[in-house]
Amino acid sequence: MEVLVILVPLALALGFVGLLGFLWSLKSGQYDDLDGAAWRAIADDEPASDQGQSR
Amino acid sequence: MHADIDFSHYLKSTGAGFVHLDLAVEGINCAGCMAKIERNLSTIPDVTSARVNLTDSRLALEWKAGALDPALFVSRLAELGYKAYPFERDDAETLEARRAQGLLRRLGVAAFAAMNVMMLSIPVWSGNVSDMLPEQRDFFHWLSALIVLPAAAYSAQPFFSSALSALRARGVNMDVPISIGIVLALATSVIETINHAEHAYFDAAVMLIAFLLAGRYLDQNMRRRTRAFAGNLAALKAETATKFVSPTEIKTVPAAAIRPGDIVLLRPGERCAVDGNVIEGRSEVDQSLITGETLPAMVTPGSAVFAGTLVRSGTLRVRASAASGGTLLDEISRLLDHALQARSRYLRLAERASRLYAPVVHATALLTMLGWLAWGASFHDSIVTAIAVLIITCPCALGLAIPAVQTVASGALFGSGVLLNSGDAIERIAEIDRVIFDKTGTLTLPELDVANLADIPDDVVRLAGRLALSSRHPVAAAVARYAGAASPLPDIQEEPGQGVHGLHDGRPIRLGRPSFCGADDLANEILCRDPEASVVAFSHGESRYAFAVRQRLRPDAAEVVAGLVRMGVAVEIVSGDREPAVRLASETLGVHEWRAEVSPVDKIDRIEELVRQGCKVLMVGDGLNDAPALAAAHASMSPVTATHMSQAVADAVFLGERLAPVLAAVKVSRKALRLMRQNLWLAIVYNVLAVPIAIAGLVTPLIAAAAMSGSSVIVMLNALRARARETI
């Protein structure tokens, strides 16, 4: 059962990283346009250019 | 045509030499539009960002300050086939958006906590039946506490604060039993953990919070979406005003940029976008949107004009004022305050349910404890059992029963063109048994319409339409619109207050007042038949025609009235307009009860009289004179063309030319209320089944968790039934 000493903190840390990731995505506005995001995922890549890339 | 609008009001500097502009864009409805717009605008030099928000139909632009004229974007979008207007988020929308985001953040925290705690709980549940050491169990319980306590303290705040404010006001709402349940579950679990006991309820508590937050977030998100849509509508109306920037120089600015004290110019054919007082000029004005009166009124220096007033003959200078001045407006504000106070006393279904629910549950828990004590159980065991009763009855399903239906129903209403303003609108609209319609602008369309097109040869209509294009008079504009005219005739002069005239095919051609065209007899004939029509005459050489221009009933008004009557809802017309006009409309629609020339006070009196008879009234109106009645009625709706004040007090706003959304609102709301009641019953049935287990002291954390999620899912699924489309 000594393995718990590693596994439990590891599991908690992973959970915490997931939560931080969620909070980051929320803060950077990734939930502002869910309909659009659904389509952007399958849209063709924009032609490479040094400008015009959004964000 | 919008190139001359001054955009400076909407530009925001983002620092570092960039400016930001938000545009509401009409017609973005697919991914293709999104890609097309973003690619096209991104190719403009100096544009650093062009991003479409598909959910809200908006476009956010950023470019180097001073490098570009914002009007360029609007014209570029017009080339692509989209109408775009600058807009500004209003305070209400910003607030809704911030709330939705706050709830999502709390939901995220609660959900992550629930997942991690579940990972710790499952070994405990399975360990309890096998060979887990008590020390290991305690360790897992302490870990759960470490995760859940901070997570609950953060994510359950909306429930705690709402419960506290209800208690402070000496009331009970649904959040009171919820908060008590959460706090007790957590406190017991901590005490049990300290005492090395077998059961802790950390998982159930945090799962409950996550489920409830999910329901609230969906509700809030629907509300935010409606607000955003309403904001777009306001922007797409593109209300502009012509402002004097110096005594001699004018500029077209968005109406939102007009401040009290500014002087604006109103020309014939324009609709006033601000409230104010006339300081110069005389004109006939059409105030039908405001007072319901279709006969034009005369304004002179000193008269008050309101947003929505249509200027018919002369040019006016108006000083904008901050909601004061006019006696009509003062009186309406006073009536409005009074009526809104009465409405705030309405008790929502959820509040009524929790008023019954909380005492029953808390009494049951107390009796359980006393019962076990009397039976000879130890004090500790009795208290733990009593708390288990509170945890299992903690109204997870009850807390979701109403918001879940509300979310789904407001989504369905959104689809049929109804935007809800207030949270309890669905409940109140569902309860109504009588509809009072205003006539002008509500049963009729706000735009003028040519009534006797069938009597006039097509080529004459087309010619008259082309001639009418040269006039700014709204009645002539209606003829032009109906004729579908696009190319004006050359060399036409306007005779102020009379009409337009010129030469066509070598013969004189005229359009205007009947006397101007020598068609008085034709005009009188029309006025005898239809006393509220405005007549515009047309002559070409010797031939003379008269167009009867009037407000037309909404195309489906009669069907909607019949539909309401079929549903057992009484229909009545109460209008500020003159008697013949109201009688004609009532006869056409088959409405037997109607009142004409009703003042705002009398409208309220009529509603109060009906309330005394036990009726629940849905008021549908648009004018400024309807605003107090809209607030006084049990529920209210306004068309989207209504004056600002009416839209603000109405429970719901409906879109489009048709009246069908009113019928849809009543149908969907009734169905939703039925589902809300059903959901409450489901929650009660669940409690009736679960409480005996809790009273018997048999509830384990596993049962608590399963019962809670099970009941929530059932209630959610039942709510989804509100989505089934009504056939109207």
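Residues numbered from 1 in each chain as written. Chains lettered and ligands numbered in written order. Predicted model: local features only at pLDDT ≥ 70, side-chain atom pairs only at ≥ 80, totals over all residues. Heavy atoms only, no water.

**Quick look at the UniProt feature "domain: HMA" (unreviewed entry) in chain B**
Part 1 of the argument: Per the UniProt record, "domain: HMA" (unreviewed entry) is annotated on residues 19–85 of chain B.
Part 2 of the argument: Secondary structure content for residues 19–85 of chain B is 33% helix and 37% strand, while the C-alpha to C-alpha distance between its ends is 17 Å. (UniProt positions renumbered as here; feature names shortened; annotations may be inferred. Helix = DSSP H or I, 4+ residues; strand = E, 2+ residues; numbered from the N terminus.)

**Notes on the packing of helix H1 (residues 4–27) of chain A against helix H4 (residues 134–155) of chain B**
Part 1 of the argument: Taken N-terminus to C-terminus, the directions of H1 of chain A and H4 of chain B make an angle of 20°; their axes are 12 Å apart at the nearest point. The orientation of H1 of chain A relative to H4 of chain B falls into the category roughly parallel. In this structure, H1 of chain A meets H4 of chain B at a crossing whose hand is right-handed. In this structure, H1 of chain A uses Leu-4, Val-8 and Leu-12 of chain A to contact H4 of chain B, whose residues at the interface are Phe-139, Phe-140, Leu-143 and Ile-147 of chain B.
Part 2 of the argument: Counted by class, the contact of H1 of chain A with H4 of chain B contains 7 nonpolar, no polar and no charged residues. (Axes fitted to C-alpha atoms, helices over the stretch in contact; angles between N-to-C directions. Parallel < 35°, antiparallel > 145°, perpendicular 65-115°, else oblique. Left-handed = near helix turned anticlockwise from the far one by under 90°. Contact = heavy atoms within 4.5 Å. Nonpolar A, V, L, I, M, F, W, Y, C, P; charged D, E, K, R; others polar.)

**A short note on the UniProt feature "transmembrane region" (unreviewed entry) in chain A**
Part 1 of the argument: Look at the UniProt record and you will see "transmembrane region" (unreviewed entry) annotated at residues 6–26 of chain A.
Part 2 of the argument: Helix makes up 100% of residues 6–26 of chain A and strand 0%. Its end C-alpha atoms lie 30 Å apart.

**So, the UniProt feature "transmembrane region" (unreviewed entry) in chain B**
All names here are of chain B.
Part 1 of the argument: Residues annotated in UniProt with the feature "transmembrane region" (unreviewed entry) correspond here to residues 107–127, 139–160, 172–194, 200–218, 356–377, 383–405, 679–696 and 702–720.
Part 2 of the argument: Taken end to end, residues 172–194 is 87% helix and 0% strand, and its first and last C-alpha atoms sit 33 Å apart.
Part 3 of the argument: Between the C-alpha atoms that bound residues 200–218 the distance is 30 Å, and the span itself is 89% helix and 0% strand.

**Re the pairing of strand E2 (residues 18–26) of chain B**
Residues and elements named next belong to chain B.
Part 1 of the argument: In terms of residue burial, E2 counts as a mostly covered element, since 7 of its 9 residues are buried.
Part 2 of the argument: Bridging between strand E1 (residues 12–15) and E2 involves 3 bridges; their strand directions are antiparallel. Note on E2: the bridge partner recorded for Gly-15 is Phe-18.
Part 3 of the argument: Linkage of E1 to E2, two consecutive antiparallel strands, is achieved through a turn of 2 residues, within which Ala-16 is found at a positive phi near 55°.
Part 4 of the argument: The sheet contact formed by E2 and strand E4 (residues 58–64) spans 7 bridges and is antiparallel. Within the sheet, the bridge partner assigned to Leu-23 lies in E4 and is Leu-59.
Part 5 of the argument: Relative to strand E5 (residues 83–86), E2 is paired through 4 bridges, and the arrangement is antiparallel. (Buried < 20%, exposed > 50% of the residue type's maximum accessible area, 1.4 Å probe, protein only. Pairing = 2+ DSSP bridges.)

**Description of the interface of chain A and chain B**
Part 1 of the argument: Counting residues at the interface gives 28 residues for chain A, matched by 28 residues for chain B.
Part 2 of the argument: Across the chain A/chain B interface, buried area totals approximately 2400 Å², and carbon plus sulfur atoms make up 61% of it.
Part 3 of the argument: Here Asp-35 of chain A makes a salt bridge to Arg-225 of chain B, at a shortest N to O gap of 3.6 Å.
Part 4 of the argument: Of all the secondary-structure elements, those providing two or more residues to the side of chain A that touches chain B are H1 and helix H2 (34–40) of chain A.
Part 5 of the argument: Classifying every residue of the side of chain A that touches chain B gives 13 nonpolar, 7 polar and 8 charged. (Buried area = accessible area lost by both parts, 1.4 Å probe. Salt bridge = Lys/Arg side-chain N within 4 Å of Asp/Glu carboxyl O.)

**Topic: the domain arrangement of chain B**
Put simply, an interface is often sized by how much accessible area is lost when its parts join up.
All names here are of chain B.
Part 1 of the argument: When the domains of chain B are assigned, the result is domain 1 (12–87), domain 2 (240–338), domain 3 (408–445 + 554–670) and domain 4 (446–552).
Part 2 of the argument: Here domain 2 and domain 3 have C-alpha centroids that lie 27 Å from each other.
Part 3 of the argument: The interface is formed by 16 residues belonging to domain 2 together with 19 residues belonging to domain 3.
Part 4 of the argument: Overall, the association of domain 2 and domain 3 removes approximately 1500 Å² of surface from exposure, summing both partners, and the carbon and sulfur fraction of that is 67%.
Part 5 of the argument: The tally of links from domain 2 across to domain 3 stands at 0 salt bridges.
Part 6 of the argument: The interface formed by domain 2 and domain 3 includes 0 residue pairs in polar contact (both at pLDDT 80 or more).
Part 7 of the argument: Counting residues per element, the ones that place at least two in the side of domain 2 that touches domain 3 are helix H8 (288–291) and helix H9 (327–343).
Part 8 of the argument: Looking at the side of domain 2 that touches domain 3 element by element, the count peaks at 6 residues for H9. (Domains from an automatic or database assignment. Polar contact = N/O pair within 3.5 Å; in protein donor to acceptor, adjacent residues only side chain to side chain.)

**Observations regarding the pairing of strand E26 (residues 635–639) of chain B**
All names here are of chain B.
Part 1 of the argument: Summarising burial for E26: 5 of the 5 residues are buried, a large majority.
Part 2 of the argument: Residues Ala-635, Met-637 and Pro-639 of E26 are buried on one face, and the alternating residues Ser-636 and Ser-638, pointing to the opposite face, are buried as well.
Part 3 of the argument: Pairing of strand E25 (residues 617–620) with E26, which is carried by 3 bridges, proceeds in the parallel orientation. In the strand pairing of E26, Leu-618 is matched with Ala-635.
Part 4 of the argument: For the segment spanning E25, helix H22 (residues 627–632) and E26, crossover handedness is right-handed.
Part 5 of the argument: For E26 and strand E27 (residues 652–654), the ladder comprises 3 bridges, and the chain directions are parallel. Across the sheet, the residue bridging to Pro-639 is Phe-654, located in E27. (Right-handed = clockwise from strand over helix to strand, strands pointing away.)

**Overview of the nonpolar core**
One recurring pattern in soluble globular proteins: nonpolar side chains tend to sit buried together.
Residue and element names in this part refer to chain B.
Part 1 of the argument: Judged by nonpolar contacts, the single largest core of 115 residues is most densely connected at Phe-437, Leu-564, Leu-618 and Met-637.
Part 2 of the argument: Looking at this core, the element that brings in the most residues is helix H24 (residues 660–695), giving 15 residues.
Part 3 of the argument: If we skip the residues at most four places from it in the chain, Phe-437 touches Thr-442, Leu-443, Val-561, Leu-564, Val-571, Glu-572, Ile-573, Val-574, Val-620, Leu-659 and Val-662.
Part 4 of the argument: Counting 27 residues, the second-largest nonpolar core is a separate cluster that includes Met-34, Leu-59, Phe-73 and Leu-80. (Core = buried A, V, L, I, M, F, W, Y, C linked by side-chain atoms within 4.5 Å.)

**Quick look at the packing of helix H1 (residues 31–42) of chain B against helix H2 (residues 71–80) of chain B**
Residue and element names in this part refer to chain B.
Part 1 of the argument: Closest axis-to-axis distance for the H1/H2 pair is 11 Å, and the angle between their directions is 135°. The pairing of H1 with H2 is recorded here as oblique in orientation. Crossing of H1 against H2: the hand is right-handed. Contacts between H1 and H2 pair Lys-36, Ile-37, Asn-40 and Leu-41 from the former with Phe-73, Arg-76, Leu-77 and Leu-80 from the latter.
Part 2 of the argument: Partitioned by chemical class, the residues of the contact of H1 with H2 number 5 nonpolar, 1 polar and 2 charged.

**Overview of the sheet that holds strand E21 (residues 534–540) of chain B**
Residue and element names in this part refer to chain B.
Part 1 of the argument: Spatially, the 6 strands line up as an open sheet ordered E17-E22-E21-E20-E19-E18, and their pairing is antiparallel. Looking at strand neighbours, the two that pair on one side only are strand E17 (444–450) and strand E18 (493–495), the edges of this open sheet. This sheet shows a mean twist of 20° between the axes of neighbouring strands, independent of strand direction.
Part 2 of the argument: Pairing between E17 and strand E22 (residues 543–553): 4 bridges, direction antiparallel. Looking at the pairing, Thr-444 lines up with Leu-553 of E22.

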